[in-house]
Amino acid sequence: MITKIQIVAEVSGPGSDSHFLRLTEDVPNPPTLANLTNEFGVSGSADMEIEWYDGFGLKQRFSLSPFAGLDPDTYIKITFLSAPAEREFPDLEPGAVLLKEYLVADPMNEA
């Protein structure tokens, strides 16, 4: 089965970090713009690129540059959405930004 993934980000608040911390327990810092770029930033990248593992264990590289004008202490919620490749995703919520879309072959579901 081919799965379509969207990486979506939006400005959030301090209460949204509980989900983030469950996913990355080794990172004690809250998911602010500054912390995300400091912890996961790509060395030498001028456009706020970070690398983060998706649910398939694949490292994904994407940019947080749509949020460059915000205060570095702004909380950013990053979500990985997935669906079968033939399915269309619903429109994004107001304020949400599509950072990346890609396809993945799920080896667990292939015969």
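Residues numbered from 1 in each chain as written. Predicted model: local features only at pLDDT ≥ 70, side-chain atom pairs only at ≥ 80, totals over all residues. Heavy atoms only, no water.

## Observations concerning helix α2 (residues 33-40)
Along α2, the residues that are buried comprise L33, N35, L36 and F40. All buried residues of α2 lie within an arc of 165 degrees about the axis, which places them on one face of the element. (Buried < 20%, exposed > 50% of the residue type's maximum accessible area, 1.4 Å probe, protein only. Helix = DSSP H or I, 4+ residues; strand = E, 2+ residues; numbered from the N terminus. Arc of directions from axis to C-beta.)

## Remarks on a nonpolar patch on the surface
On the surface, a cluster of nonpolar side chains totalling about 210 Å² of accessible area is made up of L81, L92 and L98. Looking at where L98 falls in the secondary structure, it is placed in strand β5 (residues 97-105). (Patch = residues over 30% accessible without salt bridge, like charges linked within 9 Å, V, L, I, M, F, W, Y side chains within 5 Å. Areas by Shrake-Rupley, 256 points an atom, 1.4 Å probe, with all protein chains shown as cover. Salt bridge = Lys/Arg side-chain N within 4 Å of Asp/Glu carboxyl O.)

## Structural notes on the pattern of salt bridges
The tally for this structure, following the rule as stated, stands at 2 salt bridges. Note that E49 and R61 form a salt bridge whose closest N and O atoms lie 2.9 Å from each other. With E49 in strand β2 (residues 49-53) and R61 in strand β3 (residues 59-63), this residue pair connects regions lying 12 residues apart in the sequence. Residue class for E49 comes out partly exposed when judged on its relative accessible area of 21%. For R61, a relative accessible area of 39% translates into the label partly exposed. In this structure, E51 engages K59 in a salt bridge whose closest nitrogen and oxygen atoms are separated by 3.7 Å.

## Topic: unusual backbone geometry
Residues other than glycine seldom take positive phi values, yet M48 does so here, at roughly 60 degrees. Its location among the elements puts M48 in the loop between α2 and β2.

## A closer look at the pairing of strand β1 (residues 2-12)
In terms of strand pairing, β1 meets β5 through 8 bridges, oriented antiparallel. Bridging across to β5, A9 finds its partner in V97. When β1 meets strand β4 (residues 75-84), the two strands line up antiparallel, connected through 10 bridges. What sits directly across from E10, in β4, is K77. (Pairing = 2+ DSSP bridges.)

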